[in-house]
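What the coordinates show
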Amino acid sequence: MSAVIATEHLSKTYGKGEAAFSALSDINLSINSGELIAIVGKSGSGKSTLMHMLALLDRPSQGNILVDGTDAARIRSRQVDGLRNKRYGFVFQQFFLNETDTVLNNVILPLKIAKINRKERTTRGLAALKSVELSEKAAAKAGTLSGGQKQRVCIARALINKPSVIFADEPTGNLDSHTGKTIEDLLFRLNKEQGITVIIVTHDKELAGRCHRQLHIKDGKLSEGSDV
Amino acid sequence: MKLSDLLSTASANMWRSKGRTFLTIVAIFIGAMTITLTNGIGTGIKSYLNRQVKSFGAPNVLLVTLTNKQTSPGSGPAKYTYNPNATVSASGLHNKQLLMSSKGLAVIKSIPNITSVVAAHSLSPDYITGKGDKYQLSLAQQIGDAAPDMVVGQGVNANSTQNQLTIPVSYVQPLGYGSNRAIIGAHVTIGITSGQGVRKTVVATVVGVQQKNLISQSVAYANNALAGQLYSIQTAGIPAARANTFLTAYATFPKNLTTTQLDTIKSKLKAKGFTAKTIQDQESTIFTAINAIIIVFDMFGAIALLAASFGIINTLYMSVQERTKEIGLMKALGMSRHKVYALFSIEAVLLGFWGSVLGVGFAALVGKAINAIAVHGFLKGFPGLTLLTFPPRTIAIVVIGIMLIAFLAGTLPALRASRKDPIEALRYE
Ligand SMILES: Nc1ncnc2c1ncn2[C@@H]1O[C@H](COP(=O)(O)OP(=O)(O)OP(=O)(O)O)[C@@H](O)[C@H]1O
Ligand SMILES: [Mg+2]
C-alpha cells in the first residue's frame with residue numbers, strides 16, 4: 001500500500017541563533033491510506049507542530065513531506081490550498097465556528113471556498129449534517145449548540161468535501177468523557193466505513209489505544225514504542 | 001470563493017459590528033453629501049447664468065468702455081490725466097465713469113478686425129402704454145442678435161427698420177392684453193421727452209415676451225431702429241458735445257476670429273485707453289468667483305473624506321484583529337491569500353459604496369426639496385433656475401471616486417489579513 005503522507009528527516013526549528021528552539025527533529029514516518037493513527041506525547045512535545053506539517057499548514061525547516069510520493073515543497077501554493085480544501089479535513093480542539101452564523105453556513109464554508117454553487121452546497125451541507133445526526137440544527141445559530149454538538153458540526157465541516165485524510169487535534173479535549181466518546185466513535189466509523197485516513201492528536205491513552213497505530217513524540221523526536 | 005460569495009461574505013462581515021460600521025458610513029456620508037451639494041449648486045447656478053449671460057449679447061461682440069483708474073477706498077484721490085477720447089465724465093456712487101463720444105467710436109472702428117461699432121445709448125423713456133394706463137419703463141438696446149429667453153415670440157431683429165421691442169412678462173397684463181400670445185405683433189406707444197422739453201410719442205411693435213431674468217428683471221429691449229429714434233428725440237436740442245455721449249460701445253468682430261486675433265484687438269484697444277470684454281470674459285469673471293466658492297466647500301468635503309478614510313482603515317484593522325481566527329480557519333480550509341485580500345478590500349469598497357450612495361442620495365433629496373422651496377419662495381419669479389442640479393455623470397464620479405478612496409484605505413488592513421499565518425491564527429490562547 002502506498003503512503004498518502006510520508007516524511008523524510010523532517011525538522012522544525014522555531015526562532016534563530018541563541019533563541020533557536022528545535023520543536024521537531026529528524027522525523028521519518030509514513031502513513032498509509034485508510035490508517036487510523038494516534039499522535040501521542042506530553043504537552044509541548046511537538047504533536048501539534050507535527051500535525052500542522054503533515055497537513056501542509058506549515059513548512060518544515062529541514063527535510064521533506066511527501067504527498068502521494070511528491071515533495072510538498074514542489075507543489076505550488078495554489079495547489080496546496082486546493083489540497084487542503086479538497087483532500088484534507090480538519091477538526092480542532094477549539095471548534096472555530098462562526099457563532100453568529102447558522103450551523104449550515106459553518107458546515108459549507110469549505111464548499112464556498114471551493115466555488116461550489118449554492119444549491120449543491122445546501123444539499124451536501126444537509127447530507128453532512130445528517131451523517132453527524134444534526135439535521136434538525138441546520139438553521140440554528142452555531143453559538144447556541146452544546147460542546148459535543150459543536151464538535152459534530154466541525155466533523156461535518158471536515159467531511160463535506162469528501163476528504164481522504166482527516167486531521168483531528170485533541171478533538172475531545174474540550175468535552176466531557178461521555179460526549180468525547182461519541183466524537184471518537186464518529187471518527188472511527190468514518191475510518192471504518194468510508195476508509196478515510198484519520199490522524200488524531202491526543203494525550204488520552206485510552207483513545208490512543210483504540211487506534212491502529214501510535215506515534216509517540218518525546219521532545220520533538222519519534223520515540224521507541226511507535227511502530228513506524 | 002466566487003465573486004458573489006466574496007461580496008455577500010464581505011457584506012455580512014461589514015454588518016457584524018453594526019455600530020462601528022454605521023459610524024464609518026456616516027463619516028463617508030458627510031463627505032459625499034457635502035461634495036455633491038456644493039457641486040450641485042455650482043452646476044445649477046452656472047448653467048443658469050450661462051443662459052442668462054448669453055441673452056446679453058452675441059459671442060462676437062466686445063463691450064468697450066474707457067479705461068478708468070479706480071481709486072481703492074482709503075488710497076486718496078487719483079491723479080487726473082487728460083484722456084482725449086473722454087468728453088464728459090459722470091460720477092457714479094463710488095467712482096468716476098468716463099463717457100465717450102462718437103470720436104471714441106471712430107477710434108474703435110479703426111482697429112483691424114472690428115467690423116462695426118455701435119454706441120450703447122442709455123435710453124430714458126417716460127412711459128409705455130398699450131390699451132390703457134401709462135407705465136414706467138426701463139429700456140435697453142439689445143446687443144447684436146442675442147436675445148433674452150422668451151416665453152413667446154422672439155428677440156428683436158437688430159437690422160430691421162421697423163421699431164421693435166421685447167417686453168418683460170410682467171408688462172403683458174398692464175398693457176391690456178389677456179395672454180402673452182395676444183400681445184405679439186401688437187403696437188405699443190412709448191412716451192419720451194425731448195432735449196427741449198417737448199413730450200413726444202413713438203410707436204413700436206412687440207415681437208417677444210421675455211422670461212423673467214435674474215440680472216435684468218424688468219428691462220425691455222429695443223432694436224437699433226427704435227433705440228436710435230428714441231435717442232435722437234431725447235438728445236434733440238442738446239449741444240453735440242454732450243448729446244452724443246455714452247458709457248459703452250458694442251464692437252462686432254468676425255465670428256471666426258481666433259483667440260490670439262481677439263487678444264490682439266483687446267491689446268490694441270487697451271493701448272488707446274479702452275477696456276474691451278466679450279460676454280464670455282464677463283461670464284468667466286463670475287464663474288471664477290463661483291468656482292472659488294465651490295472649491296472651498298469641496299475642500300471641506302475632501303477633509304471629511306480624509307477623516308472618513310482613516311475611519312475605514314481603523315474599522316478594518318479592528319475587524320482583521322477580531323477575525324484573526326476566522327481568517328486562519330479560512331486559510332487552513334484552502335482559501336488563497338489573494339481571496340482573503342479581496343474579501344477585506346471588498347468590505348472597504350462596500351463601506352465606501354454605502355456611504356457615498358446614501359450621501360449622494362440624501363444630497364439629491366435635499367436638493368430637490370430646496371429647489372421646490374426656492375421655486376415657490378425666494379427664487380419665485382426666476383423660472384428656468386434650478387438651484388441644484390445633479391448631472392448623473394457627477395454623481396457617478398463622486399460614488400466611484402469614494403469607492404476608490406475606500407479601496408485604497410482598505411489596502412493596508414487587507415494586506416495584513418492576507419498575510420496572517422493560519423497556524424498563528426489558530427493557536428489556542
Ligand atoms: N511559533 C512558535 N514559536 C516558538 N515556539 C513554538 C512555536 N510554536 C510551538 N512552539 C514550541 O514548540 C513546542 C511544541 O509545541 P506544540 O504545540 O507542537 O506542542 P504539543 O505537543 O501540541 O502540546 P500540547 O499537548 O500542549 O498541545 C513547544 O515547546 C512550543 O512552545
Ligand atoms: Mg497541541
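Here the structure is a predicted model, which is why all the values come from computation and not from measurement.

Calculation criteria
Residues numbered from 1 in each chain as written. Chains lettered and ligands numbered in written order. Predicted model: local features only at pLDDT ≥ 70, side-chain atom pairs only at ≥ 80, totals over all residues. Heavy atoms only, no water. Helix = DSSP H or I, 4+ residues; strand = E, 2+ residues; numbered from the N terminus. Buried < 20%, exposed > 50% of the residue type's maximum accessible area, 1.4 Å probe, protein only. Contact = heavy atoms within 4.5 Å. Areas by Shrake-Rupley, 256 points an atom, 1.4 Å probe, with all protein chains shown as cover. Domains from an automatic or database assignment. Pairing = 2+ DSSP bridges. Axes fitted to C-alpha atoms, helices over the stretch in contact; angles between N-to-C directions. Disulfide = S-S within 2.5 Å. Near = heavy atom within 4 Å. Polar contact = N/O pair within 3.5 Å; in protein donor to acceptor, adjacent residues only side chain to side chain. Nonpolar A, V, L, I, M, F, W, Y, C, P; charged D, E, K, R; others polar. Salt bridge = Lys/Arg side-chain N within 4 Å of Asp/Glu carboxyl O. Expected span 1.5 Å × (residues − 1). Arc of directions from axis to C-beta. Phe/Tyr/Trp six-rings, centres within 6.5 Å; stacked < 30°, edge-to-face > 60°. Lys NZ or Arg CZ within 6 Å of the ring centre and 35° of its normal.

Some thoughts on the overall build of chain B
- Regarding its fold elements, chain B presents twelve helices and 14 strands.
- Out of the 429 residues belonging to chain B, those deemed buried represent 45%.
- For chain B, contacts bridging at least 24 residues in sequence account for 79% of all contacts bridging at least 6.
- A total accessible area of about 21,100 Å² is found for chain B, and carbon and sulfur atoms account for 62% of it.

Section: the environment of L109 of chain A
- Inspection of the secondary structure puts L109 of chain A in helix α4 (residues 109–113).
- For L109 of chain A, a relative accessible area of 15% puts it in the buried group.
- L109 of chain A sits 36 residues away from L145 of chain A along the chain, and the two C-alpha atoms are 18 Å apart.
- Those residues in contact with L109 of chain A that lie beyond four places of it in its chain are M1, L329, M330 and L333 of chain B.

Describing helix α2 (residues 77–86) of chain A
- Buried residues of α2 of chain A: V80, D81, L83, R84 and N85 of chain A, and no others.
- On its buried side, α2 of chain A packs onto β4 (62–67), β6 (88–91) and α4 of chain A together with α9 (324–332) of chain B.

Brief notes about the domain arrangement of chain B
- According to the domain assignment, chain B consists of domain 1 (3–53 + 285–427) and domain 2 (122–239).
- Each of domain 1 of chain B and domain 2 of chain B has a C-alpha centre, and the two are 54 Å apart.

A word on the sheet that holds strand β7 (residues 165–169) of chain A
All names here are of chain A.
- Spatial strand order, β6-β7-β8-β3-β9-β10: six strands in an open sheet with mixed pairing. Here the strands that pair on one side only, and so sit at the sheet edges, are β6 and β10 (221–222).
- Strand direction decides the pairing type here: strand β9 (residues 213–218) and β10, joined by two bridges, are antiparallel. Bridge assignment links K218 to a residue of β10, and that residue is K221.
- Contacts between helix α7 (residues 177–194) and the sheet are confined to β3 (36–41), β7 and β8 (197–201), with β8 contributing the most and set at about 155° to the helix.

A word on the state of the cysteines
Residue and element names in this part refer to chain A.
- For the structure on display, the rule yields zero disulfides over all chains.
- Not engaged in a disulfide, the cysteine C154 finds its nearest cysteine sulfur in C211; these two sulfurs lie 19 Å apart.
- Owing to a relative accessible area of 9%, C211 belongs among the buried residues under this scheme.

Notes on the site of ligand 1
Residues and elements named next belong to chain A.
- Taken together, 14 residues lie near ligand 1, and S43, G44, K47, S48 and T49 sit nearest.
- Separating an oxygen atom of ligand 1 from a backbone N or O atom of S45 is a distance of 3.3 Å.
- Within the backbone of G46, a nitrogen or oxygen atom sits 3.0 Å from an oxygen atom of ligand 1.
- In isolation ligand 1 offers 630 Å² of accessible surface; the protein chains occlude 68% of this area.
- Secondary-structure elements contributing two or more residues to the shell around ligand 1 are β2 (21–32) and α1 (47–54).
- Here the shell around ligand 1 gets three residues from one element, more than from any other, and that element is α1.
- Of the residues in the shell around ligand 1, the class split is three nonpolar, six polar and five charged.

Side note on the interface of chain A and chain B
- The interface is formed by 25 residues belonging to chain A together with 23 residues belonging to chain B.
- In this assembly, chain A and chain B are joined by two salt bridges.
- Across the pair R121 of chain A and D5 of chain B runs a salt bridge whose closest N-O atoms are separated by 2.6 Å.
- Linking chain A to chain B there are six residue pairs in polar contact (both at pLDDT 80 or more).
- Going through the elements one at a time, α2, α4 and α5 (118–131) of chain A are the ones with two or more residues in the side of chain A that touches chain B.

Considering helix α1 (residues 3–14) of chain B
Residue and element names in this part refer to chain B.
- Taking 1.5 Å per residue, twelve residues should reach 16 Å; α1 reaches 16 Å between its end C-alpha atoms and fits that length.
- Of all the residues in α1, the buried ones are D5, L6, T9, A10, N13 and M14. Here the buried residues of α1 occupy an arc of 165° about the axis, which is enough to place them on one side.

Side note on the sheet that holds strand β13 (residues 248–252) of chain B
All names here are of chain B.
- Here we have four strands laid out as an open sheet, ordered β4-β13-β1-β14, and antiparallel in their pairing. Every other strand in the sheet has two partners, leaving β4 (116–120) and β14 (274–278) as the edge strands with one partner each. Taken pair by pair, the neighbouring strands of this sheet meet at an average axis angle of 25°, ignoring direction.
- As judged from the five bridges shared by strand β1 (residues 61–66) and β14, these two strands associate in the antiparallel manner. Bridged to L63 within β14 is K277.
- The strands that helix α3 (residues 102–109) touches are β1, β4, β13 and β14; relative to β4, the one it contacts most, it runs at about 150°.
- On top of the sheet, helix α7 (residues 259–271) reaches β1 and β14; it is set at about 155° to β14, its chief contact.

Brief notes about the packing of aromatic side chains
- Within this structure, the stated rule accounts for seven aromatic pairs over all chains.
- Both rings, one in F90 of chain A and one in F167 of chain A, keep their centres 5.7 Å apart while their planes meet at 20°; by these two values the pair is stacked. Highlighted residues: F90 of chain A in strand β6 and F167 of chain A in strand β7, separated in sequence by 77 residues.
- The class for F167 of chain A is buried, based on a relative accessible area of 0%.
- Arranged with centres 5.6 Å apart and planes meeting at 50°, the rings of F29 of chain B and F362 of chain B form a pair that is tilted. In this pair, F29 of chain B is assigned in helix α2 (residues 18–54) and F362 of chain B in helix α10 (residues 337–376), connecting sequence segments 333 residues apart.
- Here F362 of chain B falls in the partly exposed class, since its relative accessible area comes to 40%.
- Over the ring of Y177 of chain B we find K131 of chain B; its NZ or CZ atom is 4.3 Å from the centre of that ring.
- A cation over an aromatic ring shows up here: K134 of chain B above the ring of Y127 of chain B, its NZ or CZ 4.7 Å from the ring centre.

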